[in-house]
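Chain by chain, the residues:
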Amino acid sequence: MLITLKLFATFRNGRFKVAEQELPEGTDVRAVVLSLGLTEEEIGIVMLNGRHGELDSKLSDHDTLSLFPLVGGG
Amino acid sequence: MDKIFRVNMTDLTTKIEEVPAAWAGLGGRALTSTIVAAEVPPTCHALSAQNVLCFAPGLLTGTAAANSGRLSAGAKSPLTGGIKESNAGGTAAQMLAKLGIKALIIEGAPKSGTWYNLSVGINGVTINEEKELLGVGNFAVIDAVEQRLGKKTGVLTIGIAGELKMTAANISVKDPDSKIRSHGRGGLGAVMGSKQIKFISIDGEGSKPVTIADPEKFKTAARAFSKALLDHPVSGEGLPTYGTNVLVNILNEAGGLPTRNFTTGQFEGHDKISGETMHDTIAARGGKVKHGCHAGCIIQCSQVYNDKDGKYVTSGFEYETIWGLGADCCIDNLDDIARADNLMDDIGIDSIETAVMFGVAMEAGILNWGDSKEMLRLLTEEIGKGTALGRILGGGAGSVGRTYGVTRVPVVKNQAIPAYDPRSVKGIGITYATSTMGADHTSGYTIATNILNVGGYVDPLKKDGQVELSRNLQIATAAVDSTGMCIFVAFPALDIPECLPALIDMINARFGIALTGDDVTNLGKHVLKLERKFNQEAGLTNVHDRLPDFFKNEPVAPHNAVWDFTDAEIDEFWNF
């Protein structure tokens, strides 16, 4: 399956902003996080198609997965 | 001992008063709102002599407590018609606190057309006629005051917008680099203009460190508090790196970034105006990525933004301004937005109200979507010169909507709705609706829990739990706004168990008292109820605690969310 992976803030350092990835069916968010060399603890916000997701969320074909460290503002 | 400095602009007299016993335990917002409620007839015209403009440092301002340098300004708002507290950084709050000034109260208004400046010092206030600096922008006022009175002088000033009593006018505060922080919201600059005061200078000569009843206890608590601020990823890393503008990409992903005057929730040009892009641009051009708005700020969410030749353009460049001119007006040119930010500081006009106003003005056809050059011209040539069109624009989003017959006008109590769409981030909609201040994200920042996973998580697209979330945050915020603390201390306070007790310990050590967490919550509740009572007596009732109809009738992409709270559900907010 093909997903769009978007990285934000410090996660972009040495990586990329946006990339398409071909992944096996049934891959979850955690596997993507670990494949990037990130740890679970570093993940602040997971968004899957614009809604909040979990590390356990399973990905589907054509999903957009966005990963953010814990950041905030106002 | 702390004193009240009082100025009467009708008879041009000043006096120093003892602090009434009932005000002794109050500071910041709790004190300014108490003064306004006690001394302003709620139904008066906000630009009349009956209104009172007051300034108060917070309970911890002037101490070594990190991030405690915020100044509260209060009055009846000419924009909302209700009570207003607006707080800002800069150097004035700490100077006032160290001079032993618990509050500066300005009442009355001159009967003649003469303009004045006020000089505040340890021995009181003097009222001086002002001729030279009328019609002058804020940056030039700060320069001139420093030349007259010295580099260390504190300055509170109004620009052209305040002189002309535009309801979007703000009050500017000199920051540690002689640039500007603002009491932005609610038109307090127009109130200062109505009293015909161009600027207030503060002379710190003779000031002393504020007294601490229990210095050892204070030091221990202050250390624990600072540690919490630095340990939390939001206040310790995200904010100093990317500033508040880190939110552009997050809200865009969540579909809550109001775009094209709140017609959709995502902006195509989001990455060009994002915090990540801003960070890289500032670093490449030799600006400052980190910057504090007041001495003792350890979060440093501010920055200095240079142009491509490395020349200063603006500082204190905030998410709300960048979102408003960016996504909401479809401008994807960060340099032009930065120029506008600097112009708004100089003219002395709220950058949220004005940015949202431009979205309504584009809807009205006054200028085209995304036309940043015309936006800069309107700021300089119309608002900055006080033309007839400039005064309509300077009246804010509601003013332009009424004048040009626009129906999609994002305001509550006539104050512009900031940078989060209430249909796709429902908790903040409850805050916009119920805030005593008119639409205001800072009065109960549910984005923390709706979007950022700080203080737990409440699904932004569902109604469940939003009223309670907004209520709890508004109560806590009213208390924090009374301490002189920056509201961003809320991020660690929501997640790190040692943070809030350390804050309370600092207050107790400062005054030799024994407040508990419940006392602090009760202070927040008391402030909200006091402010609401004033608003009700001014004519703002439950029917004003509502969002504009278009939020109910127009689903917002990408989630096709609508504002679906019933009136009764919103009114539940006040059940405490």
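Residues numbered from 1 in each chain as written. Chains lettered and ligands numbered in written order. Predicted model: local features only at pLDDT ≥ 70, side-chain atom pairs only at ≥ 80, totals over all residues. Heavy atoms only, no water.

K.L.:
Just checking my understanding: could you explain the overall build of chain B for this structure?
P.N.:
Along the backbone of chain B there are 23 helices and 17 strands. Here the C-alpha radius of gyration of chain B, 22 Å, is about what a compact globule of 576 residues would show, namely 25 Å. Judged by the C-alpha coordinates and their principal axes, chain B covers about 60 × 50 × 50 Å. Split into buried and exposed, the 576 residues of chain B put 64% on the buried side. For chain B, the proportion of contacts with a sequence separation of at least 24, taken over those separated by at least 6, is 70%. (Helix = DSSP H or I, 4+ residues; strand = E, 2+ residues; numbered from the N terminus. Rg over C-alpha atoms; globule rule 2.2 N^0.38 Å. Buried < 20%, exposed > 50% of the residue type's maximum accessible area, 1.4 Å probe, protein only. Contact = heavy atoms within 4.5 Å.)

K.L.:
Help me out: how do you make sense of the interface of chain B and chain A in this one?
P.N.:
By a widely used convention, the size of an interface equals the accessible area lost when the partners come together. Counting from both sides, the interface comprises 32 residues of chain B and, opposite them, 21 residues of chain A. Between chain B and chain A, a total of about 2,100 Å² is buried, with carbon and sulfur atoms accounting for 58% of that surface. On the surface where chain B and chain A come into contact, there are three salt bridges. Close ionic contact of B:Asp271 with A:Arg12 constitutes a salt bridge, the shortest N to O distance being 3.2 Å. Counting across the interface, chain B meets chain A through 11 residue pairs in polar contact (both at pLDDT 80 or more). Counting only elements with at least two residues in the side of chain B that touches chain A, the list comes to helix H7 (233–242) and helix H8 (247–254) of chain B. At six residues, H7(B) tops the list of elements feeding residues into the side of chain B that touches chain A. (Buried area = accessible area lost by both parts, 1.4 Å probe. Salt bridge = Lys/Arg side-chain N within 4 Å of Asp/Glu carboxyl O. Polar contact = N/O pair within 3.5 Å; in protein donor to acceptor, adjacent residues only side chain to side chain.)

K.L.:
Which parts of the structure should I look at to understand the side chain of B:Gln474?
P.N.:
Residues and elements named next belong to chain B. Turning to its location among the elements, Gln 474 is positioned in helix H18 (residues 466–480). Engagement of the side chain of Gln 474 in a polar contact is seen with the side chain of Thr 434, the distance being 3.0 Å. Contacts of Gln 474, omitting those with residues within four sequence positions, involve Ile 430, Thr 431, Thr 434, Ser 435, Ser 443, Gly 444, Leu 528 and Phe 573.

K.L.:
Before we go on, may I ask you to explain the pattern of salt bridges in this structure?
P.N.:
Pairing is possible between side chains of opposite charge, provided their charged atoms come close. All names here are of chain B. Throughout the structure, instances matching the rule amount to 42 salt bridges over all chains. Across the pair Lys 198 and Glu 163 runs a salt bridge, and its minimum N-O distance is 2.6 Å. Remark: Glu 163 occurs in helix H4 (residues 160–163) and Lys 198 occurs in strand E12 (residues 197–202); sequence separation between them is 35 residues. Its relative accessible area of 14% is what places Glu 163 among the buried residues. Here Asp 336 makes a salt bridge to Lys 373, at a shortest N to O gap of 2.4 Å. One end of the pair, Asp 336, is in helix H11 (residues 334–347); the other, Lys 373, is in helix H13 (residues 372–383), and 37 residues separate them in sequence. The exposure class assigned to Asp 336 is buried, which follows from its relative accessible area of 2%. Each member of the salt-bridge network shares a partner with another, and the members are Arg 6, Lys 15, Glu 17, Glu 39 and Glu 107.

K.L.:
Can you walk me through the confidence of the model for chain A in this structure?
P.N.:
If pLDDT is low for a region, its predicted coordinates should not be looked at in detail. Here chain A shows a mean pLDDT of 95. Residues at 70 or above account for 100%. Averaged pLDDT values over the elements of chain A bottom out at 96 in strand E3 (residues 45–48) of chain A and peak at 98 in strand E1 (residues 2–7) of chain A. (pLDDT = per-residue confidence, 0-100.)

K.L.:
Would you mind showing me how to read the sheet that holds strand E5 (residues 83–88) of chain B here?
P.N.:
Neighbouring strands of a sheet are bound in pairs by backbone hydrogen bonds; such pairs are parallel or else antiparallel. Residue and element names in this part refer to chain B. Sheet architecture is open: six strands sit in the order E2-E1-E6-E3-E4-E5, paired in mixed fashion. Of all the strands in the sheet, the pair left with one neighbour each is strand E2 (13–18) and E5. Recorded for the sheet is a direction-independent mean angle of 15° between the axes of neighbouring strands. In this structure, strand E3 (residues 52–57) lies alongside strand E4 (residues 71–76), joined through four bridges in antiparallel fashion. The residue of E4 that forms the bridge with Pro 57 is Leu 71. (Pairing = 2+ DSSP bridges. Axes fitted to C-alpha atoms, helices over the stretch in contact; angles between N-to-C directions.)

K.L.:
Which parts of the structure should I look at to understand the packing of aromatic side chains?
P.N.:
Aromatic ring pairs are reported here in terms of the distance separating the ring centres and the angle at which the planes meet. Residue and element names in this part refer to chain B. Scanning the entire structure with this criterion turns up 13 aromatic pairs over all chains. Taking 5.9 Å as the distance between ring centres and 25° as the angle between the ring planes, the aromatic pair formed by Trp 574 and Phe 576 counts as stacked. Residue classification places Trp 574 among the buried residues on the basis of a relative accessible area of 12%. Of the aromatic side chains, those joined through ring pairs into one cluster are Tyr 319, Tyr 420, Tyr 445, Phe 488 and Phe 491. (Phe/Tyr/Trp six-rings, centres within 6.5 Å; stacked < 30°, edge-to-face > 60°.)

K.L.:
Honestly, the pairing of strand E6 (residues 101–107) of chain B in this entry has me stumped. Any pointers?
P.N.:
For a regular strand, side chains alternate in direction, first toward one face of the sheet and then toward the other. Residue and element names in this part refer to chain B. Counting buried residues along E6, seven of its seven residues qualify, which places the element largely inside the surrounding structure. In the sheet, strand E1 (residues 3–8) pairs with E6 via six bridges, with the strands oriented parallel. Following the sheet pairing, Arg 6 is matched in E6 by Ile 105. Across four bridges, E3 lies against E6 in antiparallel orientation. Bridge pairing in E6 places Cys 54 opposite Ile 105.

K.L.:
Please explain the pairing of strand E5 (residues 64–68) of chain A as it appears in this structure.
P.N.:
All names here are of chain A. Counting buried positions along E5 yields four of five residues, so the element is predominantly enclosed. With four bridges joining them, E1 and E5 adopt parallel strand pairing. Each bridged residue has a counterpart across the sheet, and for Leu 7 the counterpart in E5 is Leu 67.

K.L.:
Quick question: what am I supposed to make of the layout of surface pockets here?
P.N.:
To locate leftover empty space, one rolls a probe as large as a water molecule over the atoms. Residues and elements named next belong to chain B. Of the pockets and cavities examined, the second largest pocket occupies roughly 700 Å³. Taken together, 33 residues form the lining of the second largest pocket, with Met 1, Asp 2, Thr 211, Arg 510 and Phe 511 sitting closest to its centre. Contributing elements (two or more residues each) for the lining of the second largest pocket: E1, helix H2 (92–98), helix H20 (499–511) and helix H21 (517–538). Its residues assigned to classes, the lining of the second largest pocket shows 19 nonpolar, seven polar and seven charged. (1 Å grid on protein atoms, 1.4 Å probe; cavity = no way out; pocket = protein on both sides within 12 Å on 5 of 7 lines; lining within 4 Å. Points joined across faces, edges and corners; volume = space filled by probe spheres on them. Nonpolar A, V, L, I, M, F, W, Y, C, P; charged D, E, K, R; others polar.)

K.L.:
I'm lost on helix H15 (residues 397–404) of chain B in this one. Help?
P.N.:
Structural remark: α-helix, 3.6 residues per turn; residues separated by three or four positions point the same way. All names here are of chain B. Among all positions in H15, only Ala 397, Gly 398, Ser 399, Val 400 and Gly 401 are buried. Buried positions along H15 lie against helix H12 (351–364), helix H14 (388–393), strand E16 (411–412) and strand E17 (415–416). Of the residues flanking the end of H15, it is Gly 405, one or two places downstream, whose phi is positive at about 70°.

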